[in-house]
Amino acid sequence: MYPVIRMVYQLAVTRNAPPLPVTGTHVSYHRCWPWDIDLWMELNNGRTLTFYDLGRIPLAKRAGLVDLLKREGWGMTMAGASVRYRARIRAFEVVEMRSRVVGWDERFLYLEQSMWKGQTCCNQIVYRSAVTDHTGIVPMGQVAETMGVDPQSPPLPDWVQAWIDAEAVRPWPPAG
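Residues numbered from 1 in each chain as written. Predicted model: local features only at pLDDT ≥ 70, side-chain atom pairs only at ≥ 80, totals over all residues. Heavy atoms only, no water.

K.L.:
Looking at this model, I keep getting lost on the pattern of salt bridges. Mind explaining?
P.N.:
Opposite charge on two side chains permits them to pair, given that their charged atoms come into close proximity. All chains considered together, the criterion is met by eleven salt bridges. Between glutamate 167 and arginine 128 there is a salt bridge; the shortest N-O distance is 3.3 Å. Here arginine 128 lies in strand E5 (residues 120–133) and glutamate 167 lies in helix H5 (residues 158–169), a separation of 39 residues in the sequence. Residue class for glutamate 167 comes out partly exposed when judged on its relative accessible area of 21%. The exposure class of arginine 128 is buried, given its relative accessible area of 10%. Ionic pairing is found between glutamate 167 and arginine 170, a salt bridge with its closest N-O pair at 3.0 Å. Through salt bridges with shared partners, a single network forms among Arg6, Asp36 and Arg47. (Salt bridge = Lys/Arg side-chain N within 4 Å of Asp/Glu carboxyl O. Helix = DSSP H or I, 4+ residues; strand = E, 2+ residues; numbered from the N terminus. Buried < 20%, exposed > 50% of the residue type's maximum accessible area, 1.4 Å probe, protein only.)

As structure tokens, this is what we get:
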């Protein structure tokens, strides 16, 4: 089951947080509970993606994207993700999550998130997301202009651009 209570909690603790610029960093804290672990007694990889939802939605709220989506009747969907795991998160440990938009292209918004225990980065993800309406993907330039933001994206980090380039040559649909 999706952790609705955790999401309500994250939105409640950030309800009076100051707005963020579209590329601002949202910092949140999350505890790994026993029901979040796998057979190896660490944060389950599927639950890791759910944890990232708990940072991404408040980021979108603070940056004004949630209100824009509601006002315009738009939605948001994930169009890809790449995760790197480097350190274990065990039951009862608290992690600091950092969530930010790194930029956009014509169709997609790119977000980067990471979980930290002290100075150790446990994992990191880059997401590709799209804003949608009843006809399909809303161009990101239109989304930015509607938000009152320069439609020209900040330069994407080289590693994000390399991921975009790799995804462009990945066969779809996958063979066999």
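From this point, the discussion proceeds with the structure in view.
K.L.:
Any chance you could explain the side chain of glutamate 112 here in plain terms?
P.N.:
Within the secondary structure, glutamate 112 sits in strand E4 (residues 109–117). Note on glutamate 112: relative accessible area 9%, which makes it buried. Side-chain polar atoms of glutamate 112 contact the side chain of glutamine 124, separated by 3.0 Å. In contact with glutamate 112, not counting residues within four places along its chain, are Arg98, Ser99, Arg100, Val102, Gln124, Ile125 and Trp159. (Polar contact = N/O pair within 3.5 Å; in protein donor to acceptor, adjacent residues only side chain to side chain. Contact = heavy atoms within 4.5 Å.)

K.L.:
It is not clear to me how the environment of methionine 140 should be interpreted in this structure. Could you clarify?
P.N.:
Mapping methionine 140 onto the fold places it in helix H4 (residues 140–147). In the structure, methionine 140 is positioned eleven residues away from proline 151 in sequence and 7.4 Å away in space, judged by C-alpha atoms. Ignoring anything within four residues of it in the chain, the contact list for methionine 140 reads Trp104, Asp105, Glu106, Arg107, Phe108, Leu109 and Val131.

K.L.:
I tried to follow the packing of aromatic side chains on my own but got confused; where do I start?
P.N.:
Counting across every chain of the model gives three aromatic pairs. Each ring, one from tryptophan 33 and one from tryptophan 35, has its centre 5.7 Å from the other, and the planes form 15°; the classification is stacked. Since its relative accessible area comes to 31%, tryptophan 33 is described here as partly exposed. Measuring from ring centre to ring centre gives 6.0 Å for tryptophan 33 and phenylalanine 92, while their planes differ by 85°; the resulting arrangement is edge-to-face. A residue pair is termed long-range when its members are at least 10 positions apart, and tryptophan 33 in the loop between strand E1 (25–31) and helix H2 (45–62) and phenylalanine 92 in the loop between strand E2 (75–85) and strand E3 (94–104) qualify at 59 residues. Look at phenylalanine 92 and you get partly exposed, because its relative accessible area is 48%. Among the aromatic residues, ring-to-ring pairing joins Trp33, Trp35 and Phe92 into one connected group. Its end group placed over the ring of tryptophan 116, arginine 98 keeps NZ or CZ at 4.2 Å from the ring centre. (Phe/Tyr/Trp six-rings, centres within 6.5 Å; stacked < 30°, edge-to-face > 60°. Lys NZ or Arg CZ within 6 Å of the ring centre and 35° of its normal.)

K.L.:
What is the right way to look at the packing of H2 against helix H3 (residues 65–72) in this model?
P.N.:
Each pair of packed helices can be summarised by the angle the axes make with each other and by the distance between the axes. At a minimum axis distance of 4 Å, the contact between H2 and H3 shows a crossing angle of 75°. Judged by the angle between their axes, H2 and H3 are roughly perpendicular. Contact residues: Ile57, Ala60 and Lys61 in H2; Leu65, Val66 and Asp67 in H3. Class assignment for the residues of the contact of H2 with H3 results in four nonpolar, no polar and two charged. (Axes fitted to C-alpha atoms, helices over the stretch in contact; angles between N-to-C directions. Parallel < 35°, antiparallel > 145°, perpendicular 65-115°, else oblique. Nonpolar A, V, L, I, M, F, W, Y, C, P; charged D, E, K, R; others polar.)

K.L.:
Mind showing me how you'd approach H5 here?
P.N.:
The periodicity of an α-helix, 3.6 residues per turn, causes residues three or four places apart in sequence to face the same way. With twelve residues, H5 extends 17 Å from end C-alpha to end C-alpha; this agrees with the ideal 16 Å at 1.5 Å per step. Turning to H5, its buried residues number three or more, namely Val160, Trp163 and Ile164. Considered in projection along H5, the buried side chains sweep an arc of 100° and stay on one side of the axis. Of the residues in H5, the exposed ones pointing more than 90 degrees away from the buried face are Asp158 and Val169. For H5, the elements touching its buried residues are E2, E3, E4 and E5. (Expected span 1.5 Å × (residues − 1). Arc of directions from axis to C-beta.)

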